[in-house]
Amino acid sequence: LKNFQTRKRRWDISKLIYMDNINPTDAILRWKGEEEDEYEEEDIEAESDDDDFFKKRSSSRPDDIAQDFDDDMAQPIFDSRFMTAPAGLKNA
Amino acid sequence: MSLSSNKNILVLTGHEDFRRRLVMSTLSGKAVKITQIRSEDTEPGLRDYEVSFLRLMESITNGSVIEISYTGTTILYKPGLIVGGTFTHNCPLSRSVGYYIEPVLLMAPFGKKATDITFKGITSGEKDLGVDIIRTSIFPVMQKFGIDRQELRIVKRGSMPKGGGEVKLHLPHLVLQPQTLHATKTPQITKLRGISYSTRVSPATVNRMIESARAVLKPTGCETFIYSDVARGEDSGLSPGFGIALVAETKAGWNISVEGIGAAGSVPEDLGAEIARKLLEEISVGGVLSRNQLEMGIIYMVLGKEDIGRVKIGKGSIDERFVRLLRDIKAFWGIELRIKEDDDGELIVTVRGTGFVSASKKIA
C-alpha cells in the first residue's frame, strides 16, 4: 500500500500543468497515477497466455520441442561452414 | 488546445473556454485569435450563445474589434476599454443567464462606470451557474477581493426550455485592482442554507425537495434552513420547472454551493436528496475555494497587486479545466502559479499578482 501511495503522487502537478506537450487530460491522469494503472492492467491481461506458453515447453514430444524451438528462439542459428570472412580479414 | 504568438496577437485553438479567453484578452489588453472552433464538427463554427456573448462584449467594452471568419471557425478579438453602463441583454435559450453573468463579474469592477445589465432568458440551466448560486456563492468571493455592494435581483424566474426569466445585475463598486488574498485555512461549516424554487408547477414540489434534502443533511448536525420560492403568474416565466440550490456557509465567509434543476420526468424528492448529497461531496473536496468559485478566485488573484497571494484548494478541485485555466493565464500574463501540498494533504496555490490596474482608471 505504501508503494502504491508513493507512486500515485510521483508527479509534481505544478510542473505537469505547464508541460505543453501533455494535454490537460493526460496531465491529470499522470498526476493521479491513473494512466500507469491502465497500462498495468493491459500487461496483466497480456500475460494471461503465459500458462499455455510454459505448457508447450514442458511437452515431452520431440516434434513439439523442435517446432517450439523454431518458433520461439529469438537468436538466429548460423552454420559457420557456410559463412565467409570479410575481405580485409582474409588478407590479414 | 495549443497556442502560439503572432505579432502581438495570441493565437489559441479550440472552442473550449471561449468566454474566459475573451475576458482574459480584455483584462490583459492582448489581442487574441481563436482558430479551429469546432472545425471537425458536423456543424462547425460558433454557436448562437457564443455570438450572443460577443455582442455582450461589444456592449460592455468600447473600441473592441471582433472579426469572425466566413465559416465561423476563426475569430479575431482586439480588446477595447471596459466601460460598463446600463443596457438589456437578451440571452438565447441554448444557455442560461449565468453563462453571461459570470464573465461580466470578472470585468465590470474594472470598468469606467457602474454596470447595470438586465438579462432575459433562462435563469437556471444545467450547464451554467444559476442565479441563486451567483448570488449566494460567487458574490462572497468578490467581497473577499474588496469588491462589494453587488446585487442580482430576480425579477422573473425562467425555466428551460422556453425561459422567459429576467434578472437585474447591479455592480456599482469600481476598483483599481483586487486585494491580495491570503486564505490558507480550511473554513469550518457553520450553517446550511438553500433555496427551493418552482415555476408553473404545483407549489407542493418545493416542499417535497426541501424535505428530502433536509433528511440527507440531518446527520451533519448543522443548522439547516431551506427557503422556498414559488413563482406564480407573470413571475413564473414560460415553462414549467423546479430546482434547488444548497449552500454551506462558513465562519470565514466562504460559501460552498451546489445546484440542480428538475429534468423532464424527474421526481422532486430524488432531486432534493441528490443535490444534498452533492453538497456533502463538494464539502468533502475541501479547500477554501470550491470548484465553481475557482476560476474567479484565481483570476482575481492574478489581477492583484505585485504581492504574493495564497489560497487553499482541495485536491479534487484540480481537473482538466483547472489545467487549461493555468495555461491560459501563462499565455496571457506570462506568469506561472505554484502549487504545493500542505500538512493537511490539501494544496496551497501561490500567485504573484501582475499589478494590473484598471485601464479605464489610468486614462481617467
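Just so it is clear, the model here is predicted, and its values are computed rather than measured.

### A word on the overall build of chain B
Scanning chain B from terminus to terminus reveals nine helices and 19 strands. Here the C-alpha atoms of chain B give a radius of gyration of 20 Å, agreeing with the 21 Å that 2.2 N^0.38 yields for 364 residues. The burial tally for chain B puts 56% of its 364 residues in the buried class. Look at the contacts in chain B between residues 6 or more apart in sequence, and 73% of them connect residues 24 or more apart. If the 48 positive side-chain charges of chain B are averaged to one point and the 41 negative ones to another, these points end up 5 Å apart.

### Description of the sheet that holds strand E8 (residues 85-90) of chain B
Residue and element names in this part refer to chain B. Taken in spatial order, the four strands make up an open sheet running E8-E9-E11-E10, and their pairing is mixed. Across the chains shown, the open sheet's two edge strands, defined by having one partner strand only, are E8 and strand E10 (151-156). Neighbour-to-neighbour, the strand axes of this sheet turn through a mean angle of 15°, independent of strand direction. Here five bridges tie E10 to strand E11 (residues 165-171), and the two strands are oriented antiparallel to one another. Residue pairing in the sheet places Glu151 in a bridge with His170 of E11. Packed on one face of the sheet, helix H4 (residues 131-144) meets E10 and E11 and runs near 175° to E10.

### Examining the domain arrangement of chain B
Residues and elements named next belong to chain B. On domain assignment, one finds that chain B holds domain 1 (1-81), domain 2 (189-285) and domain 3 (292-352). Placing a centre on the C-alpha atoms of domain 1 and another on those of domain 3 gives a separation of 23 Å. In this complex, domain 1 contributes 15 residues to the contact, which on the side of domain 3 involves twelve residues. Summed over both partners, the interface of domain 1 with domain 3 comes to about 1300 Å²; 64% of that surface belongs to carbon and sulfur atoms. Summed over the shared surface of domain 1 and domain 3, the number is six salt bridges. For Glu295, the salt bridge identified is with Arg20, shortest N-O distance 3.5 Å. Summed over the shared surface of domain 1 and domain 3, the number is five residue pairs in polar contact (both at pLDDT 80 or more). Contributions of two or more residues to the side of domain 1 that touches domain 3 are made by strand E2 (9-13) and helix H1 (18-28). The class makeup of the residues in the side of domain 1 that touches domain 3 is seven nonpolar, two polar and six charged.

### Let's talk about the pairing of strand E5 (residues 65-68) of chain B
Residue and element names in this part refer to chain B. Bridging between E5 and strand E6 (residues 75-78) involves four bridges; their strand directions are antiparallel. Bridging from a neighbouring strand, Glu67 pairs with Leu76 of E6. Linking E5 to E6, which pair antiparallel, is a turn of six residues; within it Gly72 sits at a positive phi near 80°.

### Regarding unusual backbone geometry
Residue and element names in this part refer to chain B. Omega for the peptide link from Met160 to Pro161 comes to 0°, which places this bond in the cis form. Tracing the sequence through the fold places Pro161 in the loop between E10 and E11. One non-glycine residue with positive phi stands out, namely Asp17, at about 60°. By secondary structure assignment, the location of Asp17 is in the loop between E2 and H1. Unlike most non-glycine residues, Gln36 shows phi in positive territory, near 55°.

### Some remarks on the pairing of strand E19 (residues 347-352) of chain B
Residue and element names in this part refer to chain B. For E19, the tally of buried residues reaches five of six residues, placing the bulk of the element in the interior. With six bridges connecting them, strand E17 (residues 308-313) and E19 associate as antiparallel partners. Bridging from a neighbouring strand, Lys312 pairs with Ile348 of E19. With four bridges connecting them, strand E18 (residues 338-341) and E19 associate as antiparallel partners. Within E19, the residue paired with Glu341 across the bridge is Leu347.

### Regarding the nonpolar core
Residue and element names in this part refer to chain B. One finds Phe18, Leu105, Phe119, Ile298, Phe322 and Leu337 to be the most contacted residues of the largest nonpolar core, which totals 90 residues. Apart from residues no more than four positions distant in its own chain, Ile298 is found in contact with Val311, Phe322, Leu325, Leu326, Ile329, Leu337 and Val349. Ranked by size, the runner-up nonpolar core spans 17 residues in total, among them Leu217, Ile244, Leu271 and Ala276.

### A few points about the interface of chain A and chain B
Buried accessible area, meaning the area lost when the parts come together, often serves as the stated size of an interface. Tallying the contact residues gives 16 residues for chain A and 17 residues for chain B. Both faces combined, the contact of chain A with chain B buries some 1300 Å², and carbon together with sulfur accounts for 63% of it. Looking at the side of chain A facing chain B, the largest losses of area belong to A:Ile17, A:Tyr18 and A:Pro24, adding up to 48% of the total buried there. Counting every contact that joins chain A to chain B gives zero salt bridges. Where chain A meets chain B, there are six residue pairs in polar contact (both at pLDDT 80 or more).

### A short note on the sheet that holds E19(B)
Residue and element names in this part refer to chain B. Spatial ordering of the open sheet is given by E12-E17-E19-E18, a layout of four strands whose pairing is mixed. Both edges of this open sheet fall to strand E12 (182-183) and E18, since each of them pairs with a single strand only. Lying over the sheet, helix H7 (residues 294-303) contacts E17 and E19, oriented at roughly 165° with respect to E17.

### Looking at the packing of H1(B) against helix H3 (residues 98-107) of chain B
Two quantities define a packed helix pair, namely the angle between the axes and the distance from one axis to the other. Residues and elements named next belong to chain B. Contact pair H1 / H3: the axes reach a minimum separation of 10 Å and the direction vectors enclose 20°. Considered as vectors, H1 and H3 are oriented roughly parallel to each other. As for how H1 packs across H3, the hand of that crossing is right-handed. Between H1 and H3, the residues in contact are Phe18, Arg19, Val23, Thr26 and Leu27 and Gly98, Tyr99, Glu102, Pro103, Leu106 and Met107, respectively. Residues of the contact of H1 with H3, tallied by class, amount to seven nonpolar, two polar and two charged.

Basis of the calculations
Residues numbered from 1 in each chain as written. Chains lettered and ligands numbered in written order. Predicted model: local features only at pLDDT ≥ 70, side-chain atom pairs only at ≥ 80, totals over all residues. Heavy atoms only, no water. Helix = DSSP H or I, 4+ residues; strand = E, 2+ residues; numbered from the N terminus. Rg over C-alpha atoms; globule rule 2.2 N^0.38 Å. Buried < 20%, exposed > 50% of the residue type's maximum accessible area, 1.4 Å probe, protein only. Contact = heavy atoms within 4.5 Å. Lys, Arg positive; Asp, Glu negative; His and termini not counted. Charge placed at Lys NZ, Arg CZ, Asp CG, Glu CD. Pairing = 2+ DSSP bridges. Axes fitted to C-alpha atoms, helices over the stretch in contact; angles between N-to-C directions. Domains from an automatic or database assignment. Buried area = accessible area lost by both parts, 1.4 Å probe. Salt bridge = Lys/Arg side-chain N within 4 Å of Asp/Glu carboxyl O. Polar contact = N/O pair within 3.5 Å; in protein donor to acceptor, adjacent residues only side chain to side chain. Nonpolar A, V, L, I, M, F, W, Y, C, P; charged D, E, K, R; others polar. Core = buried A, V, L, I, M, F, W, Y, C linked by side-chain atoms within 4.5 Å. Parallel < 35°, antiparallel > 145°, perpendicular 65-115°, else oblique. Left-handed = near helix turned anticlockwise from the far one by under 90°.

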